[in-house]
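The lines below spell out each chain.
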Amino acid sequence: MSAEIIDAAIAHHTDWPVPGTIVQRMSDIDLPRVSSGTEWWYYNFHLSLVDGRKASAFIAFFRSTSYKPTQPPTAAAPGVEVEYNLCHSYLLNFAISILPADSDMGSQESQPERELEGKYYFTSAMDRDNAHLMRSLIEVDGRMDPLIKRSLLELMSQDKLALPDTWIPGDVIVSSTGGLNLQFGSLASVVHQENGAGDDVYHIVATAQDGSYGFEIDLIPRKPPIHHGANGVVQGDLISPDDGMYYCFVPRCDVSGFVRIDDSTVAVESEYSMGWYDREFGGSIRKWYEAPTKSVESSWKWASVQLSNGWDLTVYTLWDADIYNGNMSIRDKRAIAISPEGIRMEYDDHSLEPLRSWTSMTTLNEYGTKWKLVVPAMGFEAILDAPIERQEFSTICAQRGYWEGRVSITGTMQGNPATGLGFVENVPPQFITKFDRYMKRIGHLTAREVAKIYPDRLSDSKHAAEVLAFQSDAEMATKPLDETCLSPLRFTQDARLDVLYDHYFAPVRHLTDRGGKSWRSFLSTACISLFNDNPERFQPLLASMELLHTGSLIIDDIQDESPMRRGVSSVHNLWGTPTAINAGTAAYFAFETAMRKISSGMAPEKVVRLYEIFFETMRAAHAGQALDIAGQQRSDLEDVLAGRVDPSILEKRVLSVHRLKTAVIAGNIAKMSAVIADATPAQIRALSTHCERVGIAFQIIDDVYDIRGWSHVGDLGGDHSVTNKKETLKRRGDDIRSGKISIPIAKAASMMPLDEVKWIWETVLSKPGNDDVTTQKVIDKLEAYGVVDVCVKEAHQMVEDSWIHLDSHLKDNSSKVYLHAWGWYLVKYNSI
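Along each chain, the written sequence defines residue order, and numbers are assigned to residues from 1. Whole-chain, interface and lining totals are the exception, using all residues; otherwise, since this is a predicted model, local features are given only for residues with pLDDT of at least 70 and side-chain atom pairs are given and counted only at 80 or more. As a rule here, side-chain values cover all heavy atoms of the structure and leave hydrogens and water aside.

In the annotation of an unreviewed UniProt entry, the entry for the protein reads (2E,6E)-farnesyl diphosphate synthase, and the organism field reads Gymnopilus dilepis. UniProt positions are given in the numbering used here, feature names are shortened, and annotations may be inferred rather than shown by experiment. Of the comments in the UniProt record for the protein, the one headed Sequence similarities (unreviewed entry) reads "Belongs to the FPP/GGPP synthase family." UniProt, in its Cofactor (unreviewed entry) section for the protein, records the words "Mg(2+)".

Here the focus is the pattern of salt bridges. Note on definitions: salt bridges are taken to be side-chain nitrogens of Lys or Arg within 4 Å of carboxyl oxygens of Asp or Glu. According to the stated counting rule, one finds 50 salt bridges in the structure shown. Here Glu466 and Lys462 are joined by a salt bridge, their closest N and O atoms 2.5 Å apart. With Glu466 and Lys462 both in helix 6 (residues 461-467) and 4 residues apart, the pair spans about one turn of that helix. Burial status follows relative accessibility: with a 1.4 Å probe on protein chains alone, a residue under 20% of its type maximum counts as buried, one over 50% as exposed, and anything between as partly exposed. By relative accessible area, Glu466 is classed as partly exposed at 25%. Put simply, Asp556, Asp560, Asp628, Lys661 and Lys740 are held in one network by salt bridges that share partners. Put simply, DSSP H or I for four residues or longer makes a helix, DSSP E for two residues or longer makes a strand, and each gets a number counted from the N terminus.

One turn of an α-helix holds 3.6 residues; hence residues three or four places apart share an orientation. Of all 9 residues in helix 19 (residues 743-751), 7 are buried, a share of seventy percent or more. Buried residues of helix 19: Ile743, Pro744, Ile745, Ala746, Lys747, Ala748 and Ala749, and no others.

What follows is about the packing of helix 8 (residues 497-512) against helix 10 (residues 540-560). Axis definition: a line fitted to C-alpha atoms, over the contacting stretch in the case of helices. Angles run 0 to 180 degrees between N-to-C directions. Across the interface, helix 8 lies against helix 10 with an axial gap of 10 Å and an inter-helix angle of 100°. On the basis of the axis angle, helix 8 is roughly perpendicular to helix 10. Note on element contacts: helix 10 touches helix 8 through Glu546, Leu547, Thr550, Leu553 and Ile554, opposite Pro507, Val508, Leu511 and Thr512. Only Asp, Glu, Lys and Arg are considered charged in this grouping, and only Ala, Val, Leu, Ile, Met, Phe, Trp, Tyr, Cys and Pro are considered nonpolar; every other residue, Gly among them, is considered polar. Broken down by class, the residue content of the contact of helix 8 with helix 10 amounts to 6 nonpolar, 2 polar and 1 charged. Any angle that falls under 35 degrees is termed roughly parallel, while one over 145 is termed roughly antiparallel, one within 65 to 115 roughly perpendicular, and all others oblique. Two residues qualify as a contact provided that any one of their heavy atoms is within 4.5 Å of a heavy atom in the partner residue.

This paragraph deals with the pairing of strand 13 (residues 245-261). Taken across its 17 residues, strand 13 has 12 buried, putting it largely inside the fold. As paired elements, strand 10 (residues 214-221) and strand 13 share 8 bridges and run antiparallel to each other. Within the sheet, the bridge partner assigned to Ile220 lies in strand 13 and is Asp254. Pairs of strands are assigned from DSSP output, requiring at least two bridges between the strands. One ladder, built from 2 bridges, connects strand 11 (residues 226-227) with strand 13; its direction is antiparallel. Bridge assignment links His227 to a residue of strand 13, and that residue is Cys248. In the sheet, strand 13 pairs with strand 15 (residues 274-282) via 7 bridges, with the strands oriented antiparallel. Directly across from Val250, in strand 15, lies its bridge partner Tyr277. For strand 13 and strand 14 (residues 264-267), the ladder comprises 4 bridges, and the chain directions are antiparallel. If you follow Val259 over to strand 14, its bridge partner there is Val266.

Okay, structure coming up:
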């Protein structure tokens with residue numbers, strides 16, 4: 001965007017530098033600006049430590065200015081105008097990336113080993129006014145998914161934050177005169193002073209809540225301040241002309257001081273270290289409880305580059321991302337280069353494209369971790385490579401989080417080698433308007449993991465042996481190919497791999513490629529994240545849960561004679577019953593394949609415990625399926641009709657099947673995940689009990705689906721309107737057609753006259769099959785007496801009551817927020 005367009009669209013604030021002013025020193029613009037709705041002071045550092053390790057760190061001090069009401073607008077008397085006072089609120093983000101001594105540069109092949117040694121520490125803290133401002137905006141936000149919104153507000157209404165966000169301990173002090181002086185409680189500070197040579201010195205301190213990590217750095221600017229954007233002005237949210245931001249930075253600074261990691265302090269080698277300083281302020285001052293109405297959210301990629309040849313570079317692309325359909329349009333895009341002498345050069349054309357990505361199992365956000373940066377006009381082309389993938393900063397202030405971390409730079413400039421260090425900040429689109437869209441993120445991640453165990457094809461006999469897990473890769477490498485009596489290749493080298501794939505793998509992928517709710521995979525990662533802040537190594541479990549479920553669906557469809565599954569023909573209809581049985585049961589063994597991948601380094605007793613829980617799950621599921629196939633016994637129905645037993649006995653019989661087939665699976669997934677994450681016995685019991693209850697409630701709603709129809713609601717079009725898109729996933733009334741007594745049919749005995757109950761039961765037991773008229777008559781009677789509505793109400797209440805018992809056993813972290821929403825989602829999906 002040209003300078004003329006920027007100037008026309010954005011109003012100049014009176015306390016900004018006069019347009020055309022060249023800022024001589026950052027200390028000239030250090031102090032807070034009264035006109036700014038948002039402002040921050042940001043510093044990053046690349047540090048060589050005296051013990052040989054490399055480190056990078058950043059810290060950002062944020063201040064928001066808003067109009068706070070003297071009372072919530074909803075509490076004001078009708079016709080009485082609400083009074084507002086000016087309010088400053090504060091947020092602090094800082095992080096440290098610690099690398100092993102030899103990991104700064106090097107080939108990508110060594111990445112896995114380096115990754116294990118690298119560490120990322122971060123702190124997100126805020127004052128109560130910042131949290132209360134956020135809460136006020138969430139309360140009136142009609143765009144946010146109501147389940148996530150409700151879960152988050154339940155936590156915040158108790159004056160709590162979702163970890164890892166924490167409170168700033170102590171007072172926040174921000175000087176408005178003299179030199180810059182920011183004191184964010186006992187966590188962090190930055191104080192400006194001059195040294196004897198007349199240099200600006202910024203003394204920056206950051207300390208974790210427990211004191212185990214932090215830094216104390218003196219930063220001295222060595223290049224002049226540089227304007228970003230057009231004459232220092234960049235685009236903010238642009239809801240109004242006042243939303244522009246003034247942006248100035250110093251790309252090269254000297255640094256000295258020390259870093260504290262794991263309660264140990266290490267000095268910085270100043271000669272081989274450097275820093276960066278960003279200052280930005282502007283934006284409108286808005287009111288609390290002012291409902292956001294935009295259909296887009298901001299998303300951006302930003303990079304700072306400091307090259308060994310003395311050049312510095314910063315690039316960013318800012319998008320407007322549609323929160324409803326995901327479409328993205330560029331709002332602003334810039335590349336600024338600074339010569340060794342401090343001369344600014346702007347380039348319109350640049351690209352920063354990801355070459356490798358990483359998906360966080362904590363937030364389900366996907367980030368680039370390796371990029372190709374090209375600025376054609378300056379002859380610059382380089383690879384930006386993150387030595388640690390997991391440099392995610394998790395905070396509810398950015399919806400879920402963002403990625404900000406160290407990258408190494410290798411490339412060329414004007415044909416000459418160019419190397420250096422940099423930071424990349426990536427804030428992806430992540431606003432959640434519907435929980436099922438959030439669940440699709442785990443679906444995509446699960447699909448990738450499934451493809452590792454059930455690949456798209458078998459390339460050769462060695463690949464086939466590896467996929468079938470006959471022996472580990474390491475074991476195979478030690479076996480000469482001609483020793484077929486010992487090599488696992490004896491199982492696959494003479495087999496028709498195309499036939500093997502088509503009859504073993506393809507039937508399963510037929511369903512997994514269609515996707516499902518993936519709630520079992522989501523449950524696995526959410527429960528690990530409740531107690532463990534590094535769940536990524538356990539990603540193979542996502543595939544094992546999905547494949548276990550898919551295998552059971554294949555077998556279930558054979559036994560129920562179901563013609564469709566997930567909107568396509570059932571596996572047995574396409575491949576035949578023998579192949580379907582074999583492929584379905586084989587999928588159960590994916591758990592053992594996943595365990596091989598995750599059990600390295602686990603205590604043997606933990607591995608044994610996980611296998612025990614898995615086999616308990618399989619026994620329960622097959623016991624439940626045995627009862628389900630047999631169906632409810634006619635003698636039980638006759639006893640109810642004759643008044644010999646309480647009508648509720650039939651419901652209990654059906655619920656026992658649901659518990660064995662579905663609920664125990666949910667409960668044991670939670671149990672396995674909690675065991676993996678080293679939860680306490682009390683936490684394991686409470687969590688598995690809750691998830692089992694949710695599983696029962698889900699199965700009740702599943703029975704309701706059968707009565708009311710299987711369909712989903714899609715969000716179509718380019719606006720925020722929701723359009724009902726009915727897609728047939730299964731026939732309506734399949735349980736009735738096949739003679740199955742579901743919960744609504746069982747509950748009829750407690751809510752309907754006996755003659756009506758008798759007709760319903762006899763009709764169902766007669767298996768009306770394709771008789772649509774008779775099936776609909778059964779459905780109409782159940783609805784007329786309110787049976788289906790009561791089933792829905794009881795399922796909802798079951799989830800509510802269960803959470804009350806679990807709540808106190810969990811930390812108040814972001815995973816808890818989403819697990820709470822997950823329970824509601826399973827019983828409220830599609831507004832049933």
